[in-house]
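The primary structure of each chain is shown beneath.
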Amino acid sequence: MKISSRRGFITYMAMLGLVTWSTTPLYAKAPKKAFRYQETPLDGKKCSDCIYYLPETSECKMVEGSISPDGWCTIYMKKK
Ligand code: SF4
């Protein structure tokens with residue numbers, strides 16, 4: 001793409017920003033260690049009751065890898 005004017009440059013930068021924005025996930029998962037994930041509940045709190053838990057795939061929206069329904073981590077958030 002030839003950029004020969006100021007308007008062309010601004011348009012090019014806007015397109016570049018749009019491509020970058022549309023290909024970047026809104027959030028990225030973190031390793032289990034980052035949130036001190038454990039395979040056992042804590043004080044009755046467990047992944048199966050957490051808003052981030054995905055029971056269909058035994059995954060979490062925030063933490064990488066396979067997640068136990070009986071697990072727990074520091075960003076646990078109880079479903080209402
Ligand atoms: S407690 Fe932590 S690992 Fe478990 S589902 Fe919630 S956010 Fe994911």
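Thresholds, definitions, all that
- Residues numbered from 1 in each chain as written.
- Predicted model: local features only at pLDDT ≥ 70, side-chain atom pairs only at ≥ 80, totals over all residues.
- Helix = DSSP H or I, 4+ residues; strand = E, 2+ residues; numbered from the N terminus.
- Buried ≥ 20, exposed ≤ 12 C-beta atoms within 10 Å, placed from the backbone.
- Contact = placed C-beta atoms within 7 Å.
- Core = buried A, V, L, I, M, F, W, Y, C linked by C-beta atoms within 7 Å.
- Near = placed C-beta within 6 Å.
- Nonpolar A, V, L, I, M, F, W, Y, C, P; charged D, E, K, R; others polar.

Caption draft 1: Representation of the overall build of the chain in the model. Along its length, the chain carries 1 helix and 2 strands. Ordered by position from the N terminus, the helices and strands of the chain form the series α-β-β. Taken over 80 residues, the chain has a buried fraction of 15%. At a minimum sequence separation of 6, the contacts of the chain that also span at least 24 residues come to 62%.

Caption draft 2: Representation of the nonpolar core. With 11 residues, the main nonpolar core is built from Tyr-37, Cys-47, Cys-50, Tyr-53, Cys-60, Met-62, Val-63, Ile-67, Trp-72, Cys-73 and Tyr-76. Those residues in contact with Tyr-76, other than ones at most four positions away along the chain, are Lys-45 and Cys-50.

Caption draft 3: Just the site of the ligand, in detail. Around the ligand, the structure places 15 residues, and the nearest of them are Cys-47, Cys-50, Tyr-53, Cys-60 and Cys-73. Among the residues making up the shell around the ligand, the classes are represented as 14 nonpolar, 1 polar and no charged.

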